[in-house]
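Notes for the structure review
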Amino acid sequence: MLKPHQRMLLLLFGLFLLPIVAAWIFSAKLVDPRQFGLVNHGNLLDPPIELADATWLDTAYPNGIPAAHWVVAEFYDPSDCDDTCDRVFQHLSALPLVMGQEGPRITNLGVTLGEKGCEQPDYPHCAALPIDEFDAVTRTIAERAGMAPELPLVAFIDWRRNLMIAYPNDFDPNHVKKDLKRLLKASRR
């Protein structure tokens, strides 16, 4: 029979060891944490798209994306832009305002097909891509996010130039706000 101080010591040892064992199980990929459910509403890209060599992002952000900032990008075709494009643009342009004190850490980016796309709607940053590059990027986003490649497509890009989360064109604006709020809190410096 264990004495009270021995039980206490055993309990403390167990409490110390439990997180280490749990971390090892997840890092060894013996258990997939996604099976427990995710809290994000957008579709995580698996793996994220690294945009380190994306010249179109350099054009839109010549000085780079500021540290701990997030870019909310809308991928759209101006020749096929209807009420859905306008609705998405309205929701995205309001994001920096509705996010309160974190709003300045959000910028909107329009990624469009052809030069005329940057003339409508009025994004603070815009990148016009040739058709082959535009199709390749949107197709890759859709494949890695496990969704249909329907435009307009909304995606989050972090300041390290990783495209990480995507939303279909029928997204719920409140879901975007909740995900963005969580990301802003996690990336606060």
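See the structure printed just above.
Residues numbered from 1 in each chain as written. Predicted model: local features only at pLDDT ≥ 70, side-chain atom pairs only at ≥ 80, totals over all residues. Heavy atoms only, no water.

**A word on the environment of Leu180**
Within the secondary structure, Leu180 is located in helix H5 (residues 173-186). Taking C-alpha positions, Leu180 is 9.0 Å from Ile106, a pair spaced 74 residues apart along the chain. Residue contacts for Leu180: discarding those within four places in its chain leaves Trp70, Val72, Leu95, Met99, Ile106 and Phe156. (Helix = DSSP H or I, 4+ residues; strand = E, 2+ residues; numbered from the N terminus. Contact = heavy atoms within 4.5 Å.)

**Side note on a negative patch on the surface**
On the surface, Asp80, Asp82, Asp83 and Asp86 cluster together into a negatively charged patch. If you trace the backbone, Asp86 turns up in helix H3 (residues 83-98). Asp86 sits in the partly exposed class, given a relative accessible area of 42%. (Patch = residues over 30% accessible without salt bridge, like charges linked within 9 Å, V, L, I, M, F, W, Y side chains within 5 Å. Areas by Shrake-Rupley, 256 points an atom, 1.4 Å probe, with all protein chains shown as cover. Salt bridge = Lys/Arg side-chain N within 4 Å of Asp/Glu carboxyl O. Lys, Arg positive; Asp, Glu negative; His and termini not counted. Charge placed at Lys NZ, Arg CZ, Asp CG, Glu CD. Buried < 20%, exposed > 50% of the residue type's maximum accessible area, 1.4 Å probe, protein only.)

**Observations concerning the pattern of salt bridges**
As enumerated under the stated definition, the model contains 3 salt bridges in all. Between Arg161 and Asp58 there is a salt bridge, with its nearest N and O atoms 2.8 Å apart. Note that Arg161 is positioned in the loop between strand S5 (153-158) and strand S6 (162-167) and Asp58 in helix H2 (residues 55-60), a separation of 103 residues in sequence. Using a relative accessible area of 15% as the deciding quantity, one classes Arg161 as buried.

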